[in-house]
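Take a look at the letters that make up each chain.
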Amino acid sequence: HYQFENVTIEPRLDKVPPLWVGGGSQPAIKGSSEYNRLAETVKRRIARADGYLAMPQTIVELLREDWVQIEACARELGRDPKQITFAQMNYFHIVETSDRAKALEVQQRYFDQYTGEIRRFDYTKACYLVGTLDDILQRIDERRRIGAEYAILGPVSVEPGVLDQQLDLLTK
């Protein structure tokens, strides 16, 4: 916790904004401290919050399991799980093609720069929004069917020309 003196935030809010807590399970990777289970402390923190922001580096099965656990924990705490907003942040790179192999080939170049060497492209294909546009939309819909109300999407590349292109494609 931090304390500041002589700090003002304006305009003054009439009420405290909703608090969303991030976290969740992710596939374990050899050589990493990551593991595929939702920590009890994180689950309880999320169950008490106004919203749950699921991390992008997870697979849909773990996301589903996490949400079931969070809903159960909320009920144990006397809360209606429907009061918790469920969202997931995820990354994408849209390629204008209906050829999945071509899309994945292009996407791999961008995701490899983003994820580094510890996360291989098989991991990327399991967790992130890749493939054709139809594949990406299907993955977003899978998350919606689990209960996610919001998809917060981030382009994996921030190169100025590429970023502009991705934002244009996202809004088509």
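Here is what the cut-offs are and how they apply
Each chain carries its own residue numbering, running from 1 in the direction its sequence is written. Residue-level local features of this predicted model are given only where pLDDT is at least 70; pairs of side-chain atoms are given and counted only at 80 or more, and the full residue set underlies all totals for whole chains, interfaces and linings. In computing side-chain properties, one takes all heavy atoms of the structure into account and sets aside hydrogens as well as water. Secondary structure is summarised from DSSP: a helix means a run of H or I of at least four residues, a strand means a run of E of at least two, and numbering begins at the N terminus for each. Classification of residues uses two cut-offs on accessible area relative to the type maximum, computed with a 1.4 Å probe and protein chains only: under 20% is buried, over 50% is exposed, and between them is partly exposed. Surface patches are drawn from residues lacking salt bridges whose relative accessible area is over 30%; two like charges belong together within 9 Å, two nonpolar side chains (Val, Leu, Ile, Met, Phe, Trp, Tyr) within 5 Å. For the area figures, the Shrake-Rupley method with a 1.4 Å probe applies, and any residue is considered shielded solely by the protein chains shown. Salt bridge, as applied in this entry: a Lys or Arg side-chain nitrogen positioned within 4 Å of an Asp or Glu carboxyl oxygen. A score from 0 to 100, pLDDT tells how confident the predictor is in each residue. Working definition: a ring pair exists when centres of Phe, Tyr or Trp rings (six-membered ring for Trp) sit within 6.5 Å. Plane angles under 30 degrees give stacked, over 60 give edge-to-face, the rest tilted. Contact between two residues is taken to exist if any of their heavy atoms lie within 4.5 Å; hydrogens are not considered. For two strands to be treated as a pair, DSSP must find at least two bridges joining them. Only C-alpha atoms enter the line fits that serve as axes; for helices the fit covers just the stretch in contact. Angles between N-to-C directions range over 0 to 180 degrees. The directions from the helix axis to the C-beta atoms form the arc being described.

A. Main features of the side chain of Gln166. With respect to the secondary-structure elements, Gln166 resides in helix α6 (residues 160-170). What makes Gln166 buried here is its relative accessible area of 0%.

B. Region of interest: a nonpolar patch on the surface. Taken together, the side chains of Tyr2, Phe4, Val7 and Ile9 define a hydrophobic patch exposed on the protein surface, amounting to about 580 Å² of accessible area. Note that Val7 resides in the segment before β1 (20-23).

C. Structural context of the confidence of the model for the protein chain. Residues with a pLDDT of 70 or more make up 97% of the protein chain, whose mean pLDDT is 92. The least confident element of the protein chain is α6, whose mean pLDDT is 88; the most confident is strand β2 (residues 51-54), at 98.

D. Quick peek at the packing of aromatic side chains. Taken as a whole, this structure holds 8 aromatic pairs when the rule is applied. Ring geometry for Tyr52 and Phe86: centres 5.2 Å apart, planes at 20°, overall stacked. Taken together, the residues Tyr52 in strand β2 and Phe86 in strand β3 (residues 85-92) connect sequence positions 34 residues apart. For the pair shown, Tyr52 and Phe86 are each scored as buried. Centre to centre, the rings of Tyr91 and Tyr114 are 4.8 Å apart; their planes meet at 45°, and the pair counts as tilted. Of this pair, Tyr91 sits in strand β3 while Tyr114 sits in helix α3 (residues 100-115), and the two are 23 residues apart along the sequence. Taken together through their ring pairs, the aromatic side chains of Tyr91, Phe111, Tyr114 and Tyr128 make up a single cluster.

E. The arrangement of the side chain of Thr115 in detail. Mapped onto the secondary structure, Thr115 falls in helix α3. Thr115 gets classed as buried once you look at its relative accessible area, which sits at 8%. Setting aside its immediate chain neighbours within four residues, Thr115 contacts Thr124 and Tyr128.

F. Up close: the sheet that holds β3. With parallel pairing, 4 strands are arranged side by side in an open sheet as β1-β2-β3-β4. Strands at the two margins of the open sheet, each flanked by one partner only, are β1 and β4 (150-155). Neighbouring strand axes in the sheet, compared pairwise and without regard to direction, differ in orientation by 25° on average. Bridge count between β1 and β2: 4 bridges; the pairing is parallel.

G. Quick look at helix α1 (residues 40-48). For α1, the full list of buried residues reads Val42, Lys43, Ile46 and Ala47. Viewed along the axis of α1, the buried residues span an arc of 135°, placing them on a single side of the element. Residues of α1 that are exposed and point more than 90 degrees away from the buried face comprise Thr41 and Arg48. Buried residues along α1 sit against β1, β2 and α2 (60-76).

H. Layout of α6. Among all positions of α6, only Val162, Gln166 and Leu169 are buried. Projected down its long axis, α6 shows its buried positions confined to an angular sector of 65°, all on one face. The exposed set on the far side of α6, more than 90 degrees from its buried face, consists of Pro160, Gly161 and Asp168. Contact partners of the buried residues in α6: β3, α3 and β4.

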